[in-house]
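So you can see what is in the structure, the chains are spelled out below.
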Amino acid sequence: QVIFFIIAEQVGADADVKLDALLEVVKSNLYASFDEVEFEQSVAQTISGVEGLSIKATYVQGAVQQRRAIWIGARGGYLYQVISSGRAKHSEQLDSRHDEMLAGFRVIDGDAVVYSGGQTPITRYDSEHYGYAVDFSGAPWLKASGERELLPAAEVAATLRNRAALAVVPLHLPHDNLALD
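No experiment lies behind these values; they were computed from the predicted model shown.

Asks: Mind laying out the overall build of the chain, listing which residues take part and the relevant values?
Replies: Check the secondary structure of the chain and you find 3 helices and 11 strands. When its helices and strands are written in sequence order, the chain yields β-α-β-β-β-β-β-α-β-β-β-α-β-β. Here the C-alpha atoms of the chain give a radius of gyration of 24 Å, more than 25% beyond the 16 Å that 2.2 N^0.38 yields for 181 residues. Its C-alpha atoms give the chain principal-axis dimensions of roughly 85 × 30 × 30 Å. A buried classification covers 35% of the 181 residues belonging to the chain. When the accessible surface of the chain is split by element, carbon and sulfur atoms take 50% of a total near 11600 Å². When the 15 positive and 24 negative side-chain charges of the chain are each reduced to one mean point, those points stand 9 Å apart.

Asks: Go over the nonpolar core with me, naming the residues and quoting the values.
Replies: Ranked by internal contacts, the top residues of the largest apolar core, which has 16 residues, are Leu30, Val37, Phe39, Ile70 and Ile72. Of all the elements in the fold, those that place two or more residues in this core are α1 (19-33), β2 (35-39), β4 (52-61), β5 (64-75) and β6 (78-87). Take this core: its biggest share by element is 5 residues, from α1. If we ignore the near neighbours within four places in the chain, the residues touching isoleucine 70 are Val26, Leu30, Leu53, Ser54, Ile55, Val82, Ile83 and His98.

Asks: I'd like a rundown of the pattern of salt bridges, residues and numbers included.
Replies: Pairing of side chains with opposite charge becomes possible as their charged atoms draw close. Throughout the structure, instances matching the rule amount to 6 salt bridges. With a shortest N-O distance of 3.0 Å, aspartate 95 and arginine 67 are connected by a salt bridge. Here aspartate 95 is found in helix α2 (residues 91-104), whereas its partner arginine 67 is found in strand β5, with 28 residues between them in sequence. For aspartate 95, a relative accessible area of 15% puts it in the buried group. Residue aspartate 126 is joined to arginine 124 by a salt bridge in which the shortest nitrogen-to-oxygen separation is 3.1 Å.

Asks: How would you explain the packing of aromatic side chains if you had to name every residue and give the values?
Replies: Following the criterion strictly, the structure yields 7 aromatic pairs and no others. Between the aromatic rings of tyrosine 80 and phenylalanine 105, the centroid separation amounts to 5.6 Å while the plane-to-plane angle is 70°, which identifies the pairing as edge-to-face. One end of the pair, tyrosine 80, is in strand β6; the other, phenylalanine 105, is in the loop between α2 and β7 (124-126), and 25 residues separate them in sequence. One aromatic cluster is present, built from ring pairs that chain together Trp71, Tyr78, Tyr80 and Phe105.

Asks: Run through α2, naming residues and quoting values.
Replies: The end-to-end C-alpha separation of α2 is 20 Å, in line with the 20 Å expected for 14 residues at 1.5 Å each. All of the buried residues in α2 are Leu94, Asp95, His98 and Leu102. Take α2 and look down its axis: the buried residues cluster within an arc of 95°, on one side only. For α2, exposure combined with an orientation more than 90 degrees from the buried face picks out Glu92, Ala103 and Gly104. Buried positions along α2 lie against β1 (2-10), β4, β5 and β6.

Asks: Hey, could you go over the sheet that holds strand β10 (residues 156-160) for me, with residue numbers and the actual values?
Replies: Sheet architecture is open: 3 strands sit in the order β9-β10-β11, paired in antiparallel fashion. Among the strands making up the open sheet, the edge pair consists of β9 (142-143) and β11 (164-168). Both β10 and β11 contribute to a ladder of 5 bridges, which runs antiparallel. From the neighbouring strand, alanine 157 faces β11, where its bridge partner is alanine 167.

Asks: An account of the environment of methionine 101 is needed here, citing residue identities and associated values.
Replies: Tracing the sequence through the fold places methionine 101 in helix α2. Considering only alpha carbons, one finds methionine 101 and alanine 15, 86 residues apart in sequence, at a separation of 28 Å.

Calculation rules
Per-chain numbering applies: the sequence of each chain, read as written, is numbered from 1 onward. With pLDDT at 70 or above as the cut-off, local features in this predicted model cover only qualifying residues; side-chain atom pairs require 80 or more to be listed or tallied, and sums for whole chains, interfaces and linings still use all residues. Side-chain calculation: all heavy atoms of the structure are included, whereas hydrogens and water are not. Strands here mean DSSP runs of E at least two residues long; helices mean DSSP runs of H or I at least four residues long; both are numbered from the N terminus. Only the C-alpha atoms count toward the radius of gyration. The rule for a globule is 2.2 Å times the residue count to the power 0.38. A simple rule labels every residue: compare its accessible area, found with a 1.4 Å probe on the protein chains alone, to the largest value its type can have, and call it buried under 20%, exposed over 50%, or partly exposed in between. Every accessible area reported is derived by Shrake-Rupley at a probe size of 1.4 Å, with residue values counting cover from the shown protein chains alone. We score Asp and Glu as negative and Lys and Arg as positive, and we do not count His or the chain ends. By convention, the point assigned to a charge is CZ for Arg, NZ for Lys, CD for Glu and CG for Asp. To define a nonpolar core, start from buried Ala, Val, Leu, Ile, Met, Phe, Trp, Tyr and Cys residues and group those joined through side-chain atoms within 4.5 Å. Pairs of residues are marked as contacts when any of their non-hydrogen atoms sit within 4.5 Å. We define a salt bridge as a side-chain nitrogen of Lys or Arg found within 4 Å of a carboxyl oxygen belonging to Asp or Glu. Think of it this way: a Phe, Tyr or Trp ring, Trp meaning its six-membered ring, pairs with another when their centres are within 6.5 Å, and the plane angle makes it stacked under 30 degrees, edge-to-face over 60, tilted otherwise. To estimate how far a helix should extend, the number of its residues minus one is multiplied by 1.5 Å. In this description, the arc belongs to the directions extending from the helix axis to the C-beta atoms. Note: two strands are recorded as paired if DSSP finds a minimum of 2 bridges between them.

Here you go:
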């Protein structure tokens with residue numbers, strides 16, 4: 001008997017989740033829930049265009065030796081887990097069924113991106129009033145939340161995770177027909 005779980009979560013592309021960190025959370029949950037937990041080495045595995053990690057574990061639940069095959073992946077602000085669980089004495093069959101589940105796993109909209117906290121992505125800003133444009137398409141920039149309250153003079157404000165911020169504030173310089181040379 002094999003029990004399958006597919007877990008999908010929205011954390012937001014701006015959360016910058018690392019697969020290694022997610023794997024440590026998964027491991028910690030098993031360590032906290034069961035006795036005699038042992039993990040095999042994790043392996044990088046891309047499923048349906050989603051980069052991920054696979055790992056297998058054995059553990060004791062009550063007096064019964066159990067096995068769990070786990071694949072975790074992240075893409076576009078979504079986290080995925082495909083988990084197969086059953087008795088360790090049937091580990092060959094469990095692993096085979098797990099591989100079948102992974103082969104059938106598909107992301108319906110591979111281009112979908114979700115952001116946390118109602119954040120809004122920004123890929124380009126065109127200033128109608130000042131005639132300039134800013135191209136944000138090279139990275140996952142987000143419109144700064146509360147930009148009007150934080151920087152009311154800014155025409156546009158954006159953040160790149162918690163690594164960078166940009167604000168464009170129009171600055172009117174007086175000109176007295178100064179020579180530009």
